[in-house]
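Below, each chain spelled out in residue letters.
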Amino acid sequence: MPHNVVLSIASDKNYNLWMATPHGISKFDGRIFKNYYPKGPSQENSASQVVVDGRNSIWALVAIQLFRFREDRFVREFQGKDTSICLTTDQSGNLWVFRYPEGIYVWNGQSWHQELDTHTDRQMVIYKMAFGSFSGTLYCITSQGLKIVDKGKLISPEWWKTQSHKSFPTSV
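Residues numbered from 1 in each chain as written. Predicted model: local features only at pLDDT ≥ 70, side-chain atom pairs only at ≥ 80, totals over all residues. Heavy atoms only, no water.

(A) Quick peek at the overall build of the protein. Along the protein, the regular secondary structure elements total one helix and 16 strands. Here the C-alpha atoms of the protein give a radius of gyration of 17 Å, agreeing with the 16 Å that 2.2 N^0.38 yields for 172 residues. In terms of principal-axis extent, the alpha carbons of the protein reach across some 50 × 30 × 30 Å. Expressed as a percentage of the 172 residues in the protein, the buried residues total 45%. Accessible area of the protein: about 9,600 Å², with a carbon and sulfur share of 49%. Once the 19 positive and 15 negative side-chain charges of the protein are each reduced to a mean point, those two points are 2 Å apart. (Helix = DSSP H or I, 4+ residues; strand = E, 2+ residues; numbered from the N terminus. Rg over C-alpha atoms; globule rule 2.2 N^0.38 Å. Buried < 20%, exposed > 50% of the residue type's maximum accessible area, 1.4 Å probe, protein only. Areas by Shrake-Rupley, 256 points an atom, 1.4 Å probe, with all protein chains shown as cover. Lys, Arg positive; Asp, Glu negative; His and termini not counted. Charge placed at Lys NZ, Arg CZ, Asp CG, Glu CD.)

Structural data, given as structure tokens:
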């Protein structure tokens, strides 16, 4: 493995384990580890997250850039400036990515569409996203506290407004 610290782990439909480490990505097929360095062996390959979507595509965040596994290598998904911060998948297996400062984008297996625009609020950073198992609500840990996506906007949940959360961390 590129490093003994694993920051994220995911399994694909072929029973492979994919591990994001501070120095690259490792695939374990049950017998052998194979290491990947998406930005090249001499570049910064700090992988913070690896996710498998519902179509069995492997996605990785490496040094705030989004990569997709294709033909036995990781290929950069967005050209130009890419500041992808976090990933998640919804109940249908679609990939969701927060790109700072643009917003949240969704990959449906064929194309990207913008679900939420945050470019007007440069103070807004989403650190982590996860869907509620039962509600399907997208929860976001942001620079401004806990938020949910509701009708194309980031809002504080009603139940959150009534809680004492002064000690809740706003960064991860």
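Now that the structure has been shown, we can carry on.
(B) Geometry of the layout of surface pockets. Taken as a whole, the largest pocket encloses approximately 160 Å³ of empty space. Listing elements by their share of the lining of the largest pocket, those giving two or more residues are β5 (47–52), β9 (84–89) and β13 (126–131). Partitioned by chemical class, the residues of the lining of the largest pocket number six nonpolar, four polar and one charged. (1 Å grid on protein atoms, 1.4 Å probe; cavity = no way out; pocket = protein on both sides within 12 Å on 5 of 7 lines; lining within 4 Å. Points joined across faces, edges and corners; volume = space filled by probe spheres on them. Nonpolar A, V, L, I, M, F, W, Y, C, P; charged D, E, K, R; others polar.)

(C) Broad picture of the packing of aromatic side chains. For the coordinates displayed, the defined rule picks out 12 aromatic pairs. Judged by centre distance (5.6 Å) and plane angle (75°), the ring pair of Tyr36 and Phe74 falls under edge-to-face. Here Phe74 lies in strand β8 (residues 73–76) and Tyr36 lies in strand β4 (residues 33–36), a separation of 38 residues in the sequence. Phe74 matches Tyr36 in its accessibility class, with the two residues each being buried. Consider the rings of Phe78 and Trp112, whose centres lie 5.0 Å apart with planes at 50°: the pair is tilted. Here the residue Phe78 occupies a position in the loop between β8 and β9, and Trp112 occupies one in strand β12 (residues 112–117), the gap between them amounting to 34 residues. (Phe/Tyr/Trp six-rings, centres within 6.5 Å; stacked < 30°, edge-to-face > 60°.)

(D) Just the sheet that holds strand β2 (residues 17–21), in detail. In space, the four strands of this open sheet follow the order β1-β2-β3-β4, with antiparallel pairing throughout. Looking along the sheet, the strands with just one partner apiece sit at the ends: β1 (8–11) and β4. Here the strands of the sheet are splayed against their neighbours by 20° on average, with no regard to which way each runs. Where strand β3 (residues 24–28) meets β4, four bridges bridge the pair, whose relative direction is antiparallel. The residue bridging Phe28 from the neighbouring strand is Phe33, located in β4. (Pairing = 2+ DSSP bridges. Axes fitted to C-alpha atoms, helices over the stretch in contact; angles between N-to-C directions.)

(E) Fine view of the pairing of β13. Two elements, β13 and strand β14 (residues 138–142), share five bridges in a ladder whose sense is antiparallel. In the strand pairing of β14, Ala130 is matched with Tyr139. Connecting β13 to the next strand, β14, in antiparallel fashion are six residues, including Gly136 with a positive phi near 75°.

(F) Representation of the sheet that holds β9 in the model. The strand order β9-β10-β11-β12 describes an open sheet built from four strands, whose pairing is antiparallel. Across the chains shown, the open sheet's two edge strands, defined by having one partner strand only, are β9 and β12. Sheet twist, expressed as the mean angle between neighbouring strand axes with direction ignored, is 25°. Across five bridges, the pairing between β9 and strand β10 (residues 95–99) is antiparallel. Paired with Ser84 across the bridge in β10 is Arg99.

These values are about where atoms sit, not about what they do.
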